[in-house]
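# An overview of the molecular structure
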Amino acid sequence: MRFTGWAANYIDERTSASTAVKSLGRKIFPDHWSFMLGEVALYSFVVILLSGTFLTFFFDPSMTEVEYEGSYVPLQGIPMSVAYHSSLDISFEIRGGLLMRQVHHWAALLFVAAIGLHMLRVFFTGAFRKPRELNWVIGFLLFVLAMALGFTGYSLPDDLLSGNGLRIIDGMIKAVPLAGGWISYLLFGDEFPGLDIIPRLYVLHILLLPAILVALIGAHMVLLIVNKHTQFAGPGRTNDNVVGAPVMPVFAAKAGGFFFIVFGVIVLIASLFTINPIWNYGPYDPSPVSAGTQPDWYIGFADGALRLIPPHLESVIFGYTWSWNVLIPLVGLLVFLAAAALYPFLEAWVTGDKREHHIAERPRNNPTRTAIGAAGVTFYAGLWAAASSDLIATHFRLSIEGVIHALQFVTVVGPFIAYFVTKRVCLALMRKDREIALHGFESGRIVRLPGGEYIEVHEQLDDYERWKLVSYEEYQPLMVRPDARGRISASQRVRAGLSRWFFEDRISPVTQRELESQRH
Amino acid sequence: MAHDHDGAASGETAETAVEKHASSASPGVAVERADRIPNPGFPPERLRVTDVDPAKERAAERTVSGLFLLSVVGSVLAVVAYFAFPIVEGDPSTIRLNNLFLGLGITLGLLGIGIGAVHWSKALMHGHELVEERHPTRGSDDTRAKAIEIFQAGNAESGFTRRSLVRNTLIGALVATPIPAIAIFRDLAPAEDPIALLKHTMWEEGVRLTRDPSGTPIKASEVTIGSAFHVIPDGLVDLESHKLEEKAKAAVLLMRLPVERLNEREDRKDWSYDGIVAYSKICTHVGCPVALYEQQTHHLLCPCHQSEFDVANHAEVIFGPAARPLPQLPITVDEEGYLVAKSDFTEPVGPSFWERAL
């Protein structure tokens with residue numbers, strides 16, 4: 001104890017650490033299962049850093065051709081790049097090497113998945129609203145960076161599968177108007193595949209992209225602390241307080257313990273299930289390819305977009321080639337991603353709401369946003385499923401053409417159906433909530449009245465339960481009003497139109513007066 | 001600072017704070033009702049079983065330390081597994097065992113700590129929720145005024161707006177400095193025009209068609225009806241450098257169809273030999289190898305994005321995202337009966353690029 005005191009004093013006199021402990025040590029974190037998703041992302045990133053560092057000690061990214069002399073018999077004597085050779089050595093010659101490779105790969109898959117789910121949680125609960133719009137954008141950049149890190153890492157072993165992935169990237173780059181051929185040439189350092197791409201991707205994968213990612217995670221965390229976490233509506237919880245567990249000790253123990261659980265589960269998966277068996281694919285060679293090729297899951301939506309484009313879309317204008325079959329998916333995906341990144345600003349403009357929002361909304365209570373999200377998820381899911389179109393066709397004994405046409409339908413028409421259905425479901429759920437808040441719930445107790453009539457007794461909610469059902473924000477469509485010079489600007493009209501689209505269908509929360517009149 | 005909440009009291013203060021807050025910023029189109037149902041404040045605390053029963057508390061304590069001990073056991077087991085399951089050369093099953101037991105040991109080491117810590121926090125640590133006040137994110141008016149003052153002082157002392165010549169030349173200089181960075185990246189690739197390279201392959205008149213990967217030449221008589229050969233140009237396997245780059249352009253698929261099934265255009269009648277046709281194997285979509293041949297329908301399928309090409313009709317696109325047919329390699333036989341190319345491809349192979357049609 002005396003030593004602890006001495007050490008604390010020593011550090012504080014040199015760092016002023018007590019100030020940080022005072023302001024952060026009892027910081028409150030609200031509790032909800034969905035708040036774990038971001039934690040999973042953060043912790044799996046730590047696992048990626050640890051396992052990735054181990055791998056760098058053994059991996060050699062050179063593309064020089066060598067003959068395989070390792071212990072895996074089927075590949076002995078086959079020419080391959082040093083990068084592929086060293087990936088095989090990590091798997092077959094180093095104790096724990098395969099485990100670390102698998103930990104790294106599984107953790108990467110989990111990392112992107114957790115980020116995706118975390119983003120969906122933030123989106124559907126409106127946790128991106130003021131003051132968190134910028135943190136949403138940072139989070140979005142983290143998502144894009146995570147995919148870039150995943151793809152560069154996936155390419156490093158220089159096996160047949162990842163080489164075909166690079167070949168597809170090369171083909172997409174070449175389609176870029178004006179400079180495509182040149183960009184590909186400079187990127188690969190030669191004609192495809194060249195001898196430079198793996199070392200270059202390696203530098204991106206272990207230095208540049210992680211450095212940016214770590215910096216952005218830092219910014220993400222700082223803003224999380226500044227803004228404090230959102231919480232769901234509940235009795236006693238308001239827009240001006242945070243209710244939950246303090247960092248010291250409960251949250252620290254829970255979150256720290258949860259890090260070890262995430263780490264442990266990843267190691268468990270890695271010790272039980274093979275991922276990316278590069279020795280089955282062989283070294284990269286531009287001629288062979290295996291049937292049923294698939295990218296890692298998070299690249300699926302991009303690969304699927306390439307698959308869904310109908311045939312013959314290319315035109316030559318004044319001698320220059322426009323590859324619409326590549327450009328349309330490419331631009332479509334960029335628009336989709338940009339829409340996701342910018343959505344908070346659109347919604348803020350439509351509502352004109354300048355207040356801070358710290359209460360996470362229940363998805364049903366903002367039907368239009370939830371419906372837009374459902375449409376986006378459906379679009380993404382259609383593209384994503386298309387990346388497995390051939391496997392769907394072979395597994396379910398369908399024709400590949402039929403599968404593609406069905407998924408084209410899902411991707412183009414599906415979002416509209418999802419939008420409509422989701423919006424109606426949300427409104428119906430709100431109506432149900434209103435009903436329960438006003439009249440209580442069915443108790444299951446049937447009573448026979450003296451006149452012979454049967455009724456089911458309704459029981460009222462207590463105040464705490466009711467509060468969760470009535471404490472949501474309500475918005476109404478914007479009324480267009482002329483400005484000081486008596487004019488109505490075009491942007492006002494657009495805003496009014498959007499606002500009508502958002503808030504025309506709405507269910508008002510139960511008010512005190514309604515509740516009282518119900519009781520009498 | 002956080003403080004323990006005490007039922008209705010803090011609920012009321014919070015309620016008034018909402019109104020204070022709401023009045024400071026525009027709510028936009030939000031509806032603000034006067035007769036909202038009031039926040040009922042915090043519900044009564046619910047005690048855990050470990051709060052009321054000392055026996056349960058002691059049991060939880062034992063569980064937590066048991067889990068931590070289990071973690072130590074796991075870590076020890078992992079080290080034991082590292083040595084007890086060495087990788088034996090030539091025996092792949094030893095890799096699996098090493099992976100499995102090393103992994104399970106580490107898993108135990110990690111999950112023991114993780115589950116133990118979470119259980120400790122849930123069952124034994126102080127279980128009441130605490131409340132912390134939020135404050136508006138923006139700095140106080142006072143702070144903001146100070147910040148503006150600092151900017152103004154900086155501006156006045158440096159003359160940033162006043163000395164517009166200095167400022168504008170600085171901006172110009174800052175814009176210009178990254179330009180060398182663009183220039184020095186030119187040497188990412190050698191000083192050749194890539195576009196010219198994209199338009200030629202190793203194929204030329206008289207080059208024999210050879211098997212991939214052995215490089216042995218193919219006699220026309222060996223190509224039976226329905227068979228398909230993966231083909232590379234003669235000499236590719238002996239290249240000292242650029243082997244994969246050349247292969248990535250020159251890979252060809254060779255098939256023999258019954259002559260009556262081939263619908264050949266007039267100008268390409270002599271590009272095939274006795275029903276034997278050769279097409280670029282590199283997909284015109286984004287460059288995957290079009291490796292799947294369906295000999296009954298004479299269709300080629302790209303396994304990456306499922307473009308389908310009809311070999312009987314000059315490899316026209318019949319399905320999928322590809323826009324153009326696979327380029328055909330004109331072939332014939334030499335005096336020894338081996339298949340040879342009559343020329344290079346007559347158009348660039350592989351995915352489209354901007355200057356392709358020029």
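This structure is a prediction, so every number in the text was calculated from the model and none was measured. (Residues numbered from 1 in each chain as written. Chains lettered and ligands numbered in written order. Predicted model: local features only at pLDDT ≥ 70, side-chain atom pairs only at ≥ 80, totals over all residues.)

## Digging into the overall build of chain A
Quick note on the threshold: Only DSSP runs of H or I reaching four residues or more are called helices, and only runs of E reaching two or more are called strands; each is numbered from the N terminus. Burial in this document is a count-based property: other C-beta atoms within 10 Å of a residue's C-beta are tallied, and the residue is buried at 20 or more, exposed at 12 or fewer, or partly exposed in between, with C-beta positions derived from the backbone. Two residues qualify as being in contact provided that their C-beta atoms, derived from the backbone, are within 7 Å of each other.
Within chain A, the secondary structure is distributed over 20 helices and 10 strands. For the C-alpha atoms alone, the extent of chain A along its principal axes is close to 90 × 80 × 65 Å. Here chain A holds 520 residues, and the buried ones make up 44% of them. Long-range contacts, defined here as pairs at least 24 residues apart, represent 72% of the contacts in chain A between residues at least 6 apart.

## Some words on the overall build of chain B
Stated precisely, the cut-off is as follows: Here the globule rule is a power law, 2.2 Å times the number of residues to the power 0.38, and the radius of gyration is based on C-alpha atoms.
If you tally the helices and strands in chain B, you get nine helices and 13 strands. Relative to the compact-globule value of 21 Å for 358 residues, chain B shows a C-alpha radius of gyration of 38 Å, a clear excess of over 25%. Here chain B holds 358 residues, and 35% of them are scored as buried. Taking all contacts inside chain B whose residues are at least 6 apart in sequence as the whole, residues at least 24 apart take part in 59%.

## Looking at the interface of chain B and chain A
The test is simple: Gly is placed with the polar residues, together with every amino acid not listed as nonpolar (Ala, Val, Leu, Ile, Met, Phe, Trp, Tyr, Cys and Pro) or charged (Asp, Glu, Lys and Arg). The pairing criterion is simple: DSSP has to find at least two bridges between the two strands.
Counting residues at the interface gives 103 residues for chain B, matched by 110 residues for chain A. Those elements that place two or more of their residues in the side of chain B that touches chain A are α1 (8–24), α4 (92–124), β2 (130–133), α8 (194–198), α9 (243–250) and β10 (316–319) of chain B. A total of 19 residues in the side of chain B that touches chain A trace back to one element, the largest contributor, which is α4(B). Residue composition of the side of chain B that touches chain A, grouped by class: 62 nonpolar, 25 polar and 16 charged. Note that strand β5 (residues 241–246) of chain A and β2(B) share four bridges and pair antiparallel. Of the residues in β2(B), the one forming a bridge with N241(A) is E133(B).

## Concerning the UniProt feature "transmembrane region" (unreviewed entry) in chain B
Applicable threshold: UniProt positions are given in the numbering used here, feature names are shortened, and annotations may be inferred rather than shown by experiment.
As recorded in UniProt, the sites labelled "transmembrane region" (unreviewed entry) are residues 66–88 and 100–120 of chain B. Taken end to end, residues 100–120 of chain B is 100% helix and 0% strand, and its first and last C-alpha atoms sit 29 Å apart.

## A word on the domain arrangement of chain B
Where we set the bar: Domain ranges listed in this record stem from an automatic or a database domain assignment.
By the assigned domains, chain B splits into domain 1 (47–131), domain 2 (141–183) and domain 3 (198–341). Each of domain 2 of chain B and domain 3 of chain B has a C-alpha centre, and the two are 63 Å apart.

## With respect to the confidence of the model for chain B
Residue and element names in this part refer to chain B. Condition: A residue's pLDDT is the predictor's confidence in that residue, given on a scale from 0 to 100.
Predicted confidence across chain B gives a mean pLDDT of 90, with 94% of residues reaching 70 or more. Within the model, the stretch residues 6–23 combines pLDDT values under 50 with 31 contacts to residues more than four positions away or in other chains. Interface confidence for the predicted complex, given as ipTM, is 0.92, next to a pTM of 0.94.

## What to know about the packing of helix α6 (residues 133–155) of chain A against helix α9 (residues 197–227) of chain A
Residues and elements named next belong to chain A. Rule in force here: For helices, the fitted axis covers only the stretch in contact; all axes are lines through C-alpha atoms, and the angles between them, taken along N-to-C directions, range from 0 to 180 degrees. Between 65 and 115 degrees an angle is taken as roughly perpendicular, under 35 as roughly parallel, over 145 as roughly antiparallel, and anywhere else as oblique. In this scheme the handedness of a crossing depends on how the near helix is turned from the far one: anticlockwise by less than a right angle means left-handed, clockwise means right-handed.
Put simply, α6 and α9 touch, their axes get as near as 9 Å, and they point 160° apart. Comparing the axis directions of α6 and α9 gives the class roughly antiparallel. Our pair here, α6 against α9, has a crossing hand that is left-handed. Its residues assigned to classes, the contact of α6 with α9 comprises 18 nonpolar, eight polar and no charged.

## Focus on the domain arrangement of chain A
Residue and element names in this part refer to chain A. You can read the domains of chain A as domain 1 (2–281 + 303–361) and domain 2 (443–519). Centre-to-centre separation of domain 1 and domain 2, based on C-alpha positions: 41 Å. Along the lines of polarity and charge, the residues of the side of domain 1 that touches domain 2 split into four nonpolar, two polar and one charged.

## A word on the sheet that holds strand β3 (residues 209–211) of chain B
Residue and element names in this part refer to chain B. Strand order in this open sheet of five strands is β3-β4-β5-β6-β11, and the pairing throughout is antiparallel. The open sheet terminates on both sides in strands that have one partner only, identified here as β3 and β11 (328–329). Where strand β6 (residues 276–280) and β11 come together, two bridges link them in antiparallel fashion. Paired with A278 across the two strands is L329, which belongs to β11.

## Brief notes about the UniProt feature "domain: Rieske" (unreviewed entry) in chain B
UniProt annotation of "domain: Rieske" (unreviewed entry) refers to residues 249–340 of chain B when read in the numbering used here. Taken end to end, residues 249–340 of chain B is 2% helix and 33% strand, and its two terminal C-alpha atoms sit 17 Å from one another.

## Examining the sheet that holds strand β7 (residues 292–294) of chain B
Residue and element names in this part refer to chain B. Judged by pairing direction, the sheet is antiparallel, and its four strands sit side by side in the order β7-β8-β9-β10 without closing on themselves. Either end of the sheet is taken by a strand with one partner, and the two such strands are β7 and β10. Taken over all neighbouring pairs, the strand axes of this sheet differ in orientation by 30° on average, direction set aside.

## Section: the nonpolar core
Stated formally: By definition, a nonpolar core groups buried Ala, Val, Leu, Ile, Met, Phe, Trp, Tyr and Cys residues that connect through C-beta atoms lying within 7 Å of each other.
In terms of nonpolar packing, the biggest core is built from 170 residues, with F111(A), I266(A), L209(B), V252(B) and L254(B) touching the most fellow members. For this core, the element with the highest residue contribution is helix α5 (residues 97–124) of chain A, accounting for 16 residues. Excluding its chain neighbours within four sequence positions, the residues that come into contact with L209(B) are I218(B), V231(B), V252(B), L254(B), A278(B), I331(B), L339(B), V340(B) and A341(B).

## Re the environment of L253(B)
All names here are of chain B. Summarising the element assignment, L253 is placed in strand β5 (residues 252–256). For L253, a count of 27 C-beta atoms within 10 Å translates into the label buried. Residues L253 and G90, 163 residues apart in the sequence, show an inter-C-alpha distance of 36 Å.

## Section: the pairing of strand β10 (residues 454–459) of chain A
Residue and element names in this part refer to chain A. In terms of burial, β10 is a largely surface element, zero of the six residues being buried. One ladder, built from five bridges, connects strand β9 (residues 441–448) with β10; its direction is antiparallel. Residue F441 lies in a different strand from β10, and its bridge partner there is E459. If you look at the hairpin formed by β9 and β10, you'll find five residues sitting between the two strands, and G452 has a positive phi there, around 100°.

## Observations regarding the confidence of the model for chain A
With 100% of its residues at a pLDDT of at least 70, chain A reaches an overall mean of 94. Per-residue pLDDT, averaged within each element of chain A, yields its smallest value for helix α20 (residues 512–519) of chain A (86) and its largest for α5(A) (98).

## With respect to α5(A)
Every α-helix winds through 3.6 residues per turn, so residues three or four apart in the chain are directed the same way. For clarity, the threshold we go by: Working rule for helices: expected span equals 1.5 Å times residues minus one.
Here α5(A) spans 40 Å end to end across 28 residues, near enough to the 40 Å set by a 1.5 Å rise per residue. Immediately beyond the C-terminal end of α5(A), within one or two residues, lies G126(A), with a positive phi of roughly 65°.

## A word on helix α17 (residues 414–439) of chain A
Residue and element names in this part refer to chain A. Its 26 residues give α17 an end-to-end C-alpha distance of 37 Å, which sits within 8% of 38 Å, the value for a rise of 1.5 Å per residue. Turning to α17, its buried residues are P415, A418, T422, C426, M430, D433 and A437. On its buried face, α17 sits against α14 (367–386) and α18 (463–470). Just downstream of α17 lies G440, where phi reads positive at about 80°.

## Description of unusual backbone geometry
Omega for the bond connecting F192(A) with P193(A) falls within 30 degrees of zero, at -5°, which places this linkage in the cis form. With respect to the helices and strands, P193(A) occurs in the loop between α8 (180–188) and α9. Each neighbour pair has its own omega, and for D212(B) with P213(B) the value is 5°, a cis peptide bond. Relative to the assigned elements, P213(B) resides in the loop between β3 and β4 (228–233). The phi angle at D158(A) is positive, at roughly 60°, despite the residue not being glycine. Among the structural elements, D158(A) can be located in the loop between α6 and α7 (160–174). Located in the positive-phi region is K228(A), a residue other than glycine, with phi close to 60°. Along the chain, the position of K228(A) falls in the loop between α9 and β4 (231–232).

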